[in-house]
Amino acid sequence: MAQQENQLDGKQFCCSICLDLLKVPVTIPCGHSYCMGCINTHWTNEDKKGTHSCPQCRQSFTPRPVLVKNTMLAYLVQDLRKSGLQATPADSCYYAGAEDVACDVCTGRKLKALKSCLVCLVSYCEKHLQPHYEAAPFEKHKLVEPSEKLQENICSLHGEVMKMFCRTDQQCICYLCPVDEHKGHDTVSAAAERTERQRELELSREKIQQRVQDREKDVKELQQEEEAVNGSADKAVEDSEEIFTELIRLLEKRSSDVKQQIRSQQETKVSRVRALQERLEQEITELKRRDAELKQLMCTEDNNQFLQSYSSLSPLRESTHSSSISTQPQRFFEDLMVAVSKVGDQLQDILSETRTNDSPTPAVVLLSQREPKTRADFLKYSQELTLDPNTANTRLLLSEGNRKATFMNKKQCYPWHPDRFAIWCQVLSRESLTGRCYWEVEWRGRGVYVAVAYKNISRAGNSCECGFGLNDKSWTLDCDRYSYNFYHNNAKTPVSGPQCSRVGVYLDHGAGVLSFYSVSTAMTLLHRVQTTFTQPLHAGLWLYYGDTAEFSGLK
């Protein structure tokens, strides 16, 4: 009991603005007390109006009163704080603020509304709402969360609650409106219309949730694709570094061997030249000595002595080296340099092989493998493909385990799906294509467009953004009984080649190579594309009227 009295006493020392115990209490001329900061803020907001009023009694003061701390109240509040007293939850939570719906029944300072009644069109606080829970006449009243828009439920013409809905004019009406303004219109109760519209919303939500699941699945697949690409790229970088490191090591070793071989040959040849040079210099010395003897003999005046000396001369030996010395310029290492140059040319040819102006980068071309030649080689990369029913135009009938598509006169009963081609008679494969893969298309009738496309190609409408080969997201070969034409980004390229009802498609995604082949007894290249693929691809078919096309089973 004493605690209750303390609580009641404590409420008398609460600021009616912040609903907490007074902080620096001040008393204004009308006698009411507030926190100095709270009343200052309140009056500062009122300065634009030129008046200063009491938030409780609304008495105005001119000029703005000078505030002085109420010392007695300050001591009392301080004692209350020491006793542990705080503002009660009711004080701090139940009064309506600027953003709250206020009770329409409360007088003075209004409490927050707990519910709004759609029959009374009144909002009630907890206290004034009790009759709706206790009195029988209120049992059928519909209570909703507090709303400030209750008056919008009143008919502006008749002042009655609008409980009906005019389907003709698509607006809510009261029960008198069908007699006058909405006479003869299709009207139902608002509850019945709500039930039907809610059912439509539930169907819309189901479609949205299904699309969310599909997109989440796509995101997961793309994440897996990203992980696979990153893993493959990391391994390719590691392998290429290992290969090039080994290649560099072999080239350096070969360079060292060639240098050693050249120096060895150089040493041998120089030693032979120097030995020959030494023998020739010895011969020159001997010849000069003999020439000096002959000169001296020629100067002898005594005939007898001259003849005796002459007869004792030994014959001059013939030189054995003059014939082995060539006066022509020699190229001692020409053969070796020819061999080294040939190796360099071969290496350069390997590095630049298959490079074109459209090649993405030399590194990609270098790492790409050579395209297969025979059908057996192509079949090593064969890919089993199926058609995705969610992408098939309603004129296409899928069969043979979704590997075969047939153009039908009658539309098929496919459920709505955002991936479906709405106008163009096209269909994409369920499987995405990366790396190296090969598949074949068997067709019957007038012809078929054999295509590849990114998954994000447009599906709705009949613009070029949807047609295979008519945009930058697809590539296609138009095959008919008389000719071939290749299309990309709406550019046409005539293609020559033998007519055949089976077309093979080879894709090297990493190298940016896409090739089309006529498949019969031999593989005949029809057209090859060298580009850069930025996303995984899907195989596609675009059929003529009344024709069929099928992904051939290759396994």
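Residues numbered from 1 in each chain as written. Predicted model: local features only at pLDDT ≥ 70, side-chain atom pairs only at ≥ 80, totals over all residues. Heavy atoms only, no water.

The protein carries the name Tripartite motif-containing protein 16-like in an unreviewed UniProt entry, which gives Pleuronectes platessa as its organism.

Chemist: Looking at this structure, how should I read the pairing of strand β11 (residues 396-399)?
Modeler: Across the two faces of β11 the burial differs, with Leu396 and Leu398 buried and Leu397 and Ser399 not buried at all. Pairing between β11 and strand β12 (residues 404-407): four bridges, direction antiparallel. Counterpart to Leu396 in the pairing with β12 is Phe407. (Buried < 20%, exposed > 50% of the residue type's maximum accessible area, 1.4 Å probe, protein only. Helix = DSSP H or I, 4+ residues; strand = E, 2+ residues; numbered from the N terminus. Pairing = 2+ DSSP bridges.)

Chemist: Teacher, can you tell me more about the pattern of salt bridges here?
Modeler: Charged atoms that come close allow side chains of opposite charge to pair. Applying the stated criterion across every chain, the model contains 23 salt bridges. Among the salt bridges present, the one from Glu145 reaches Lys115, with a minimum N-O distance of 3.0 Å. Linking Glu145 in the loop between β7 (143-144) and β8 (164-166) with Lys115 in strand β5 (residues 115-117), this pair joins segments that are 30 residues apart in sequence. For Glu145, a relative accessible area of 54% gives the class exposed. Residue Asp508 pairs with Arg436 through a salt bridge whose shortest N-O separation is 3.9 Å. With Asp508 in strand β19 (residues 502-508) and Arg436 in strand β14 (residues 436-444), this residue pair connects regions lying 72 residues apart in the sequence. Accessibility classification places Asp508 together with Arg436 in one group, the buried group. Where salt bridges share partners, they join Arg167, Glu193, Glu196, Arg197 and Glu200 into one cluster. (Salt bridge = Lys/Arg side-chain N within 4 Å of Asp/Glu carboxyl O.)

Chemist: Help me out: how do you make sense of helix α6 (residues 190-298) in this one?
Modeler: An α-helical turn contains 3.6 residues, so any two residues separated by three or four positions project in the same direction. The terminal C-alpha atoms of α6, which comprises 109 residues, lie 154 Å apart, in line with the 162 Å expected from a rise of 1.5 Å per residue. Listed as buried for α6 are Glu193, Asp214, Asp218, Glu225, Ser240, Val258, Leu276, Arg290 and Leu297. (Expected span 1.5 Å × (residues − 1).)

Chemist: Hey, could you run me through the pairing of strand β15 (residues 447-454) in this one?
Modeler: In summary, the side chains of a regular strand alternate between the two faces of the sheet. In terms of residue burial, β15 counts as a mostly covered element, since eight of its eight residues are buried. Pairing between β15 and strand β16 (residues 474-480): seven bridges, direction antiparallel. Bridging from a neighbouring strand, Gly447 pairs with Asp480 of β16. As paired elements, β15 and strand β22 (residues 537-543) share seven bridges and run antiparallel to each other. Paired with Tyr449 across the two strands is Trp542, which belongs to β22.

Chemist: Would you mind going over the sheet that holds β22 with me for this structure?
Modeler: Each strand in a sheet pairs with its neighbour through backbone hydrogen bonds, running either in the same direction (parallel) or in the opposite one (antiparallel). If you walk across this open sheet you meet the six strands as β13-β22-β15-β16-β17-β18, and the pairing is antiparallel. At either margin of the open sheet sits one strand with a lone partner, and together these are β13 (426-428) and β18 (491-495). Each neighbouring strand pair of the sheet contributes to a mean axis angle of 20°, computed without reference to strand direction. (Axes fitted to C-alpha atoms, helices over the stretch in contact; angles between N-to-C directions.)

Chemist: What is the right way to read the state of the cysteines from this model?
Modeler: One covalent bond between the sulfur atoms of two cysteine residues makes up a disulfide. Evaluation of the coordinates by the stated rule reveals zero disulfides. With no disulfide of its own, Cys464 has Cys466 as its nearest cysteine by sulfur position, at a separation of 9.0 Å. Judged by its relative accessible area of 35%, Cys464 is partly exposed. (Disulfide = S-S within 2.5 Å.)

Chemist: Honestly, a nonpolar patch on the surface in this entry has me stumped. Any pointers?
Modeler: Taken together, the side chains of Phe244, Leu247, Ile248 and Leu251 present a nonpolar region at the surface, about 310 Å² in accessible area. Its place among the elements puts Ile248 in helix α6. (Patch = residues over 30% accessible without salt bridge, like charges linked within 9 Å, V, L, I, M, F, W, Y side chains within 5 Å. Areas by Shrake-Rupley, 256 points an atom, 1.4 Å probe, with all protein chains shown as cover.)

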